[in-house]
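Examining the three-dimensional arrangement
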Amino acid sequence: MKVGVVTFPGSLDDRDAARAVRAVGAEAVTLWHGDADLKGVDAVILPGGFSYGDYLRCGAIARFAPVMDALIPAAQGGLPVIGICNGFQVLCESHLLPGALIRNDHRKFNCVDQRLVVENTQTAWTSDFEVGQEITIVLKNGEGGFVADEPTLDRLEGEGRVVFRYAGDNPNGSYRKIAGITNERGNIVGLMPHPEHAVEEGYGPSTDGLPFFTSVLKAVVNA
């Protein structure tokens with residue numbers, strides 16, 4: 001199985017994402033932002049970082065990168081895609097997921113081991129979790145507050161599309177403590193915390209990030 005990892009100018013966690021892919025026995029394929037070519041991959045990771053220096057808005061320029069010309073229709077057609085932190089911002093700017101990410105309500109950069117509650121295990125990236133399971137992975141962002149209008153929030157809740165919710169205190173002011181969401185089909189997931197930093201003992205707060213990557217392997221094999 002081949003999982004593409006996109007590199008934008010300013011990407012920070014693309015190599016960590018590739019390492020996580022290899023940790024579960026898949027092949028990590030580098031996808032360059034300037035190439036409208038997905039190289040036949042079976043899934044795609046939009047990694048964390050500061051694409052294009054976060055100019056205008058986080059993810060606003062990356063949304064128009066040539067690689068997105070290939071990725072957007074592929075995702076709409078069912079290709080598994082996960083956006084992590086800045087990748088989540090890119091997904092929202094691309095309108096593949098609803099809502100937006102804004103500056104943390106406390107106006108400080110977060111860098112913490114964050115507890116999350118799993119709420120949806122029916123996506124391509126979460127089938128190896130249990131509903132209600134509490135996991136701990138890294139959260140690091142300055143613009144991580146998820147916002148949307150009330151009808152959108154109600155629709156996400158009503159359709160079961162909230163995938164992760166922050167446990168304990170709200171770390172960034174996200175509406176309804178939402179940490180991650182999915183699209184209607186369940187092949188696209190966006191979240192602010194970083195599963196790729198929690199896949200190996202001794203390197204991160206846990207190995208709770210591994211099920212993201214084992215889940216997508218199973219999703220592709222069973223497709």
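Small disclaimer: the values here were computed from a predicted structure and weren't measured. (Residues numbered from 1 in each chain as written. Predicted model: local features only at pLDDT ≥ 70, side-chain atom pairs only at ≥ 80, totals over all residues. Heavy atoms only, no water.)

**Quick word on a nonpolar patch on the surface**
A surface patch of nonpolar side chains, amounting to about 300 Å² of accessible area, comprises L12, F50 and F109. Secondary-structure assignment places F109 in the loop between β5 (100–102) and β6 (110–118). (Patch = residues over 30% accessible without salt bridge, like charges linked within 9 Å, V, L, I, M, F, W, Y side chains within 5 Å. Areas by Shrake-Rupley, 256 points an atom, 1.4 Å probe, with all protein chains shown as cover. Salt bridge = Lys/Arg side-chain N within 4 Å of Asp/Glu carboxyl O. Helix = DSSP H or I, 4+ residues; strand = E, 2+ residues; numbered from the N terminus.)

**Topic: the pattern of salt bridges**
Applying the stated criterion across every chain, the model contains 13 salt bridges. The salt bridge involving K140 is made with D13; its shortest N-O contact spans 3.0 Å. Of this pair, K140 sits in strand β7 (residues 134–141) while D13 is found in the loop between β1 (2–7) and α1 (14–23), placing the two residues 127 residues apart along the sequence. Given the relative accessible area of 17%, K140 is considered buried. Relative accessible area serves as the criterion here: at 2%, D13 is assigned to the buried category. Across the salt bridge formed by E157 and R176, the nearest N and O atoms sit 3.9 Å from each other. Within this pair, whereas E157 is found in helix α4 (residues 150–158), its partner R176 is found in the loop between β9 (162–166) and β10 (178–182), the two being separated by 19 residues in sequence. Several salt bridges share partner residues, and in doing so they unite E119, E150, D154, E157, R165 and R176 into one network. (Buried < 20%, exposed > 50% of the residue type's maximum accessible area, 1.4 Å probe, protein only.)

**Some points on the layout of surface pockets**
The gaps left among the atoms become clear once a water-sized probe is rolled over them. In this structure, the largest pocket spans a volume of roughly 150 Å³. Lining the largest pocket we find R57, C58, Q89, C92, E93, A100, L101, I102, R103 and E143. Among the elements of the structure, α3 (86–93) and β5 are those that each provide at least two residues to the lining of the largest pocket. (1 Å grid on protein atoms, 1.4 Å probe; cavity = no way out; pocket = protein on both sides within 12 Å on 5 of 7 lines; lining within 4 Å. Points joined across faces, edges and corners; volume = space filled by probe spheres on them.)

**Things to note about the sheet that holds β10**
Whenever strands of a sheet pair, they do so through backbone hydrogen bonds, lying parallel or antiparallel. The strand order β2-β1-β3-β4-β11-β10-β9-β6-β7 describes an open sheet built from nine strands, whose pairing is mixed. Each having just a single partner strand, β2 (27–32) and β7 make up the two edges of the open sheet. Sheet twist, expressed as the average angle between the axes of neighbouring strands with direction ignored, equals 25°. With three bridges connecting them, β6 and β9 associate as antiparallel partners. Looking across to β9, one finds that V117 is bridged to R165. (Pairing = 2+ DSSP bridges. Axes fitted to C-alpha atoms, helices over the stretch in contact; angles between N-to-C directions.)

**Considerations on the packing of aromatic side chains**
The relative placement of two aromatic rings is captured by the distance of their centres and the angle of their planes. In total, this model carries five aromatic pairs according to the counting rule given. Ring centres 5.2 Å apart and planes at 75° place the aromatic pair F129 and F212 in the edge-to-face group. Of this pair, F129 sits in the loop between β6 and β7 while F212 sits in helix α5 (residues 210–221), and the two are 83 residues apart along the sequence. Both residues of the pair, F129 and F212, belong to the buried class. Within the aromatic cluster, the residues linked to one another by ring pairs are F129, F164 and F212. R63 extends its terminal NZ or CZ atom over the ring of F64, reaching a point 4.5 Å from the ring centre. (Phe/Tyr/Trp six-rings, centres within 6.5 Å; stacked < 30°, edge-to-face > 60°. Lys NZ or Arg CZ within 6 Å of the ring centre and 35° of its normal.)

**Description of the UniProt feature "active site" (unreviewed entry) in the protein chain**
If you check UniProt for "active site" (unreviewed entry), the listed places come out as C85, H194 and E196 in our numbering. Spanning 112 residues, the annotated positions come together in the fold, the maximum distance between their C-alpha atoms being 11.0 Å. Relative to the assigned elements, C85 resides in the loop between β4 (81–84) and α3. Not counting residues within four places of it along the chain, the set of residues in contact with C85 comprises G48, K140, N141, L191, M192 and H194. By secondary structure assignment, the location of H194 is in the loop between β11 (188–191) and α5. (UniProt positions renumbered as here; feature names shortened; annotations may be inferred. Contact = heavy atoms within 4.5 Å.)

**Looking at the nonpolar core**
Taken as a class, soluble globular proteins show a tendency for nonpolar side chains to be buried jointly. Ranked by size, the top nonpolar core spans 66 residues in total, and within it I45, L46, M68, F146, F164 and F212 carry the most contacts. Of the residues forming this core, the biggest block, six residues, is contributed by helix α2 (residues 66–76). For F164, the contacting residues outside a window of four places in its chain are L116, V117, V118, T126, F129, I135, K177, I178, A179, G180, L191 and F212. (Core = buried A, V, L, I, M, F, W, Y, C linked by side-chain atoms within 4.5 Å.)

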